[in-house]
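Understanding the architecture of this molecule
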Amino acid sequence: MGATIRQASAADATKWLELVKAVLGDDHPAKQVYDAAWITNQLNPASGHETWVAENGGKLTASVTILAGGADDKGGHVMNLGRQLFRAEAATDGSAEALLKKLDETSAQKQQMIVARVLAADNPQQVLFEKQGYACVGFQPLKHMHRAREGVLFYVKAAQSKMTTRLPVSESLPQISELATVVLDQLQVRPPKTVRDGVTGYPLQSELAFQDTLMPEFLAKQREAEAANPPKEISGSFNMGHGYMRITVPSPLKAVIAQRDGKVVAGLAFLLDEMDRCVRVINSFCTDDLSLGAALHHVVKLAQSQLNAVYVELDILTTAPRLIKSAEQLGFVAVAYLPAFYSKDGGYTDVVKMVKFNLSYAPEAATVTAAAKRVLDIVELSLQDQKMGVAVINLLRALPIFEGLGDGELRKIARLFVQKLFRPKEKVFSKGDSGNEAFIVMRGQIDICLEDGGTAIASVGNGQIFGELAFLDGAARSAFAIANQATILLVVQRSAFNELVQREPHLGMVVMKNVASDLSNKLRRATTRK
């Protein structure tokens, strides 16, 4: 006899608890799932959630919840699935497949998109979703505390009526374009075109005063800002639940307000998920063309220094390429591409999920499907690239010449450096040489001399940069640089740096500003001594 597929009610609380224990065990981090009162409330449609179950022989074999829609889904065009619970036999007796088919029929009637999160370690569930026509659109490692901290794959079943022409993607955002191409190919949708628009991010540093606040004040300031017609850039209302089981926790949302000259110019609202130890940015506004990047930078630092967050995540509309670029500059990585996930006035906009990790990432030993691996490989390549040169990035971050650059920008600079070993008394460069390279001391010491074999007028030690002024303007060297001891240097070529600056004008502007500020301070000190 086939399984009965029906909507659950509060009367199913006991059976649902048995299913939870069979699938999750007795010690899942979300302790609410073992609370009979909580289960009764959640199975009641009045909770805003809608739970469907497969029942076979008086026992629940599978359950999936349609999570309550968020503020950004006013038209109800996305069905957000969660709390997938499948007994082992559900894959063989057909009940899991029958349950998904019922949800597919429901979404088709409403012309809804469907999105679901599947654990990267759960290969049978990946196969199940793909068999039902779902496409893998993202991979987020370390996302949820489950048995341990585990990554998830995002799956989407598209409503073809929503799959209209895609907006172009900036050529300045190559990883977004690559991810979008793979995702849309799996959805059998024409990929977006790329445009050479030279997009730059918002400034990450600005003269702003930040104030921590709660949602009522944030929303009041956001309403006041509507007169300036600020663009919608962040869509975060799908991220309101806590943990893998998407628990509703009565902790207040947090927000930051940014002011310039006493006037509120931007704001960011976010959720602190204590279960997954993450910060999810859910809303924003900005009344100028300057402040949102700095506000995001402030929240990132807050997440790292005060909130002890493992990662920060945000969903950005693809119509906001400057914010995407700012996130990239801060070290965020694109982990999912969600087509047509934001709706407004009957139109649909794609969304890209971006994450910044505050810990190192090692590839997960999970067996995923071939389709999922295409997406996983793109994300992991970006993360491995981020992991490479961590020591170099830490060095660069401490140098005044690179002050104000985000981790993503520092990573791009770090890729340009190569290591060179110099023996004691070996020349790094001579007076009169062309300034085609700049150097950072990783270990050792370099003496700067006006004459060959002369007395050192200065010494450069660990973590310090030298040769940068001639490097920037190409002028001849004005002194000799000689290794005082066995020394490891990081060396960057002027031509490679200039190519990067042409692609990343914000980066070049910040570096030149820092150099100018340093020279100004030196001249001021010299004048004062006279």
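Note: the structure precedes this text.
The notes below deal with the structure included here. Small disclaimer: the values here were computed from a predicted structure and weren't measured.

**Comments concerning the overall build of the chain**
Counting its regular elements, the chain contains 14 helices and 24 strands. In terms of its C-alpha atoms, the chain occupies a principal-axis envelope of roughly 95 × 50 × 45 Å. Long-range pairs, those at least 24 residues apart, make up 73% of the contacts in the chain between residues at least 6 apart in sequence. Counting every atom, the chain has about 23,200 Å² of accessible surface; 52% of that belongs to carbon and sulfur.

**Overview of the nonpolar core**
One finds Trp 16, Leu 81, Met 113, Met 245, Leu 296, Ile 316 and Phe 332 to be the most contacted residues of the largest nonpolar core, which totals 125 residues. Sort the elements by how many residues they give to this core and strand E15 (residues 333-344) lands first, with nine residues. With residues up to four places along the chain from it excluded, the contact list for Met 245 reads Trp 16, Leu 24, His 28, Ala 30, Val 33, Arg 83 and Leu 85. If you look at the next biggest cluster of nonpolar residues, it comprises 25 residues, including Leu 399, Phe 471, Leu 490 and Val 492.

**Some words on the packing of aromatic side chains**
For the structure shown, the criterion picks out eight aromatic pairs. Judged by centre distance (5.4 Å) and plane angle (50 degrees), the rings of Phe 218 and Phe 285 are tilted. With Phe 218 in helix H6 (residues 215-225) and Phe 285 in strand E13 (residues 278-286), this residue pair connects regions lying 67 residues apart in the sequence. Its relative accessible area of 0% is what places Phe 218 among the buried residues. Taking relative accessible area as the criterion, Phe 285 reaches 3% and is therefore assigned buried. Three or more aromatic residues joined by ring pairs form one cluster here, namely Phe 129, Tyr 134 and Tyr 155.

**Describing the pattern of salt bridges**
By the definition in use, this model includes 27 salt bridges. Across the pair Asp 185 and Arg 374 runs a salt bridge whose closest N-O atoms are separated by 3.1 Å. Of this pair, Asp 185 sits in helix H5 (residues 174-186) while Arg 374 is found in helix H9 (residues 370-387), placing the two residues 189 residues apart along the sequence. Look at Asp 185 and you get partly exposed, because its relative accessible area is 45%. Classification of Arg 374 as partly exposed rests on a relative accessible area of 38%.

**Some remarks on unusual backbone geometry**
Most peptide bonds take the trans form, and the phi angle of most residues other than glycine is negative. Phi at Asn 229 takes a positive value of approximately 50 degrees, unusual for a residue other than glycine. Within the element layout of this structure, Asn 229 appears in the loop between H6 and strand E11 (254-260). Judged by its relative accessible area of 64%, Asn 229 is exposed. Not every positive phi belongs to a glycine, and Arg 246 is a case in point at roughly 50 degrees. With respect to the helices, strands and loops of the structure, Arg 246 is situated in the loop between H6 and E11.

**Some details on the sheet that holds strand E22 (residues 465-466)**
The four strands lie next to each other as E17-E24-E19-E22, forming an open sheet whose pairing is antiparallel. Each of the sheet's edge strands pairs with one partner strand only, and the pair in question is strand E17 (418-422) and E22. Where E17 and strand E24 (residues 487-493) come together, five bridges link them in antiparallel fashion. Each residue of the ladder has a partner; that of Gln 419, found in E24, is Leu 490.

About the criteria used
Residues numbered from 1 in each chain as written. Predicted model: local features only at pLDDT ≥ 70, side-chain atom pairs only at ≥ 80, totals over all residues. Heavy atoms only, no water. Helix = DSSP H or I, 4+ residues; strand = E, 2+ residues; numbered from the N terminus. Contact = heavy atoms within 4.5 Å. Areas by Shrake-Rupley, 256 points an atom, 1.4 Å probe, with all protein chains shown as cover. Core = buried A, V, L, I, M, F, W, Y, C linked by side-chain atoms within 4.5 Å. Buried < 20%, exposed > 50% of the residue type's maximum accessible area, 1.4 Å probe, protein only. Phe/Tyr/Trp six-rings, centres within 6.5 Å; stacked < 30°, edge-to-face > 60°. Salt bridge = Lys/Arg side-chain N within 4 Å of Asp/Glu carboxyl O. Pairing = 2+ DSSP bridges.

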